[in-house]
Amino acid sequence: MYKLIDGKGLASKIRLELKAECDKIRNKGITPKLAVILVGDDSASKVYVKNKSKACEEIGIEFEEIILDDSTTMEKLLSIIDELNKRTDINGILLQSPIPKHLNIQEAFERIDYRKDVDGFNPINMGKLMTGQNTFISCTPYGIIKMLEAYNIMLEGANAVIIGRSNIVGKPLLQCLLNKNATVTICHSKTKNLEEITKTADILISAVGKINMVTENMVKEGAVVIDVGINRNDQGKLVGDVDFEKVKEKASFITPVPGGVGPMTIAMLMNNVIKACKIQNNL
Ligand code: GUN
């Protein structure tokens, strides 16, 4: 019998703890503050940013949204980042991905001061993660690790297989799992014999963004299945990458979509903003 991993419940518990921590900081006369830059008209991004702003409000973190239109130049984007880097009232800066194709997102991530990089996408923070140093860990991978730990899922020595090699999820997650002594394999669109590899997974994570990417034949009996995908099906319903109804029968633990990884990503972002504020104020 599988167990559902309740990311939503765990995230709200974490948010409560963060609220208590935020109250303590505010009692010292300091208000943690997050700035989010949204470029263009991506409808999913707008929803994500709204959810981030709601979480900030609930915890007591100030939120500033900078909305830029599709035709924004790289020069303009970089100058806005420079300004936010300089402002002492801003503790965390997040550039919502994706941004329009004519802009270079890597250059933009690199421009965000690594001390305010609450997404952990600046190469300095990516490098720190890679070398096992204290840093801002990217929110989705960090949330996944927190969920696995909360459910006492053994990471040390586990065979973890990640499908998807994005800079936002796959690559930092590889490092996070490696830092916890798992044996990690990354699969991607050019991987041969995908099913053979995924069947070796004690922990299988899909971060592709494709409905039914993971079917029951790809999953070992008793595996832990983590679904990072957020897709809309023909009925307009939110679904993940995993064929949930069939795969759950083989899994020991499985995350739902929605209510699994998504809420944990936001909780970890809040965690990183509080952390940034504390470091910047020597608290
Ligand atoms: N787009 C999808 N996920 C994320 C994320 O974690 N951070 C940012 N900045 N953009 C995203």
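Only a predicted model underlies this, so the values are computations on that prediction, with no experimental measurement involved.

S.K.: Explanation requested: the site of the ligand in the structure shown.
M.R.: As a matter of local geometry, the ligand sits amid Leu94, Leu95, Gln96, Ser97, Asp119 and Phe121. The backbone of Leu95 places a nitrogen or oxygen atom 2.8 Å from a nitrogen atom of the ligand. In this structure, a nitrogen atom belonging to the ligand sits 2.5 Å away from a side-chain N or O atom of Asp119. For the ligand, whose accessible area on its own is 280 Å², the fraction buried by protein is 84%. Here the residues of the shell around the ligand sort into three nonpolar, two polar and one charged.

S.K.: Got a minute to help me understand the sheet that holds strand S7 (residues 203-206) in this structure?
M.R.: Sheet strands associate in pairs through backbone hydrogen bonding, adopting either a parallel or an antiparallel arrangement. Reading across the sheet, the six strands line up as S1-S11-S8-S7-S5-S6 and stay open at both edges, with parallel pairing between neighbours. In this open sheet, the two strands that pair with only one neighbour each are strand S1 (3-4) and strand S6 (183-187). Pairing geometry for strand S5 (residues 159-163) and S6, over five bridges, is parallel. Residue pairing across strands places Ile162 opposite Ile186, the latter belonging to S6. Against the sheet, helix H7 (residues 170-179) touches S5, S6 and S7, its axis set at about 170° to S6.

S.K.: I keep staring at the state of the cysteines and nothing clicks. Help me out?
M.R.: Put plainly, a disulfide is one covalent bond tying together the sulfur atoms of two cysteines. Summed over all chains, the structure comprises zero disulfides. No disulfide involves Cys139; its sulfur sits 11 Å from the nearest other cysteine sulfur, which is in Cys176. We classify Cys139 as buried; its relative accessible area is 4%. We note that Cys187 lacks a disulfide partner, and the nearest cysteine sulfur, in Cys176, lies 18 Å from it.

S.K.: Would you explain helix H6 (residues 139-150) in this entry?
M.R.: Two residues of an α-helix separated by three or four positions point the same way, owing to the 3.6 residues in each turn. When the terminal C-alpha atoms of H6 are compared, their 16 Å separation across 12 residues agrees well with the 16 Å that a helix rising 1.5 Å per residue should span. Where H6 is concerned, the buried positions are Cys139, Thr140, Pro141, Tyr142, Gly143, Ile144, Ile145, Met147 and Leu148. Those residues of H6 that are buried are in contact with helix H1 (7-27), H7, S7, strand S8 (224-227) and helix H10 (261-280). Remark: Asn152 follows H6 within two positions and exhibits a positive phi of approximately 55°.

S.K.: Where do I start with the packing of H6 against H7 in this structure?
M.R.: Working note: a packed helix pair is described by the angle between its axes plus the distance between those axes. Where H6 meets H7, the closest approach of the two axes is 9 Å, and the angle between their N-to-C directions is 35°. Two packed elements cross with a definite hand, and for H6 against H7 that hand is right-handed. Across from Pro141, Ile144, Ile145 and Leu148 in H6, the residues of H7 making contact are Pro172, Leu173, Cys176 and Leu177. Residue composition of the contact of H6 with H7, grouped by class: eight nonpolar, no polar and no charged.

S.K.: Just to check I follow, could you spell out the side chain of Asn91 for this structure?
M.R.: By secondary structure assignment, the location of Asn91 is in the loop between helix H3 (74-86) and strand S4 (92-95). The class of Asn91 is buried, set by a relative accessible area of 3%. At a separation of 2.9 Å, a polar atom in the side chain of Asn91 contacts the main-chain amide nitrogen of Lys33. For Asn91, the side chain forms a polar contact with the side chain of Gln280, separated by 2.9 Å.

S.K.: What should I look at first to understand the side chain of Asp119 in this one?
M.R.: Following the sequence through the fold, Asp119 ends up in the loop between helix H4 (105-111) and helix H5 (123-130). Buried and unpaired, Asp119 has Lys52 as its nearest opposite-charge partner, separated by 5.6 Å. Aside from chain neighbours lying at most four places away, what touches Asp119 is Leu94, Leu95, Ile137, Ser138 and Cys139.

S.K.: Is there a simple way to think about H7 in this case?
M.R.: What H7 keeps buried is the set Gly170, Pro172, Leu173, Gln175, Cys176 and Leu177. Among the structural elements, H5, H6, S5, S6 and S7 are those in contact with the buried residues of H7. One or two steps after H7, the chain reaches Asn181, where phi turns positive at roughly 70°.

S.K.: In this structure, what is going on with the sheet that holds strand S3 (residues 62-68)? I would like to understand it.
M.R.: Read from one edge to the other, the open sheet built from three strands follows the order S3-S2-S4, with strand pairing classed as parallel. Because the sheet does not close on itself, it has two edges, and the strands there are S3 and S4. Neighbour to neighbour, the strand axes of the sheet diverge by 15° on average, direction disregarded. Relative to S3, strand S2 (residues 33-39) runs parallel, the two sharing seven bridges. Paired with Leu34 across the strands is Phe63, a residue of S3.

Here is what the cut-offs are and how they apply
Residues numbered from 1 in each chain as written. Predicted model: local features only at pLDDT ≥ 70, side-chain atom pairs only at ≥ 80, totals over all residues. Heavy atoms only, no water. Near = heavy atom within 4 Å. Polar contact = N/O pair within 3.5 Å; in protein donor to acceptor, adjacent residues only side chain to side chain. Areas by Shrake-Rupley, 256 points an atom, 1.4 Å probe, with all protein chains shown as cover. Nonpolar A, V, L, I, M, F, W, Y, C, P; charged D, E, K, R; others polar. Pairing = 2+ DSSP bridges. Helix = DSSP H or I, 4+ residues; strand = E, 2+ residues; numbered from the N terminus. Contact = heavy atoms within 4.5 Å. Axes fitted to C-alpha atoms, helices over the stretch in contact; angles between N-to-C directions. Disulfide = S-S within 2.5 Å. Buried < 20%, exposed > 50% of the residue type's maximum accessible area, 1.4 Å probe, protein only. Expected span 1.5 Å × (residues − 1). Left-handed = near helix turned anticlockwise from the far one by under 90°. Lys, Arg positive; Asp, Glu negative; His and termini not counted. Salt bridge = Lys/Arg side-chain N within 4 Å of Asp/Glu carboxyl O.

That is the geometry; function is a separate question.
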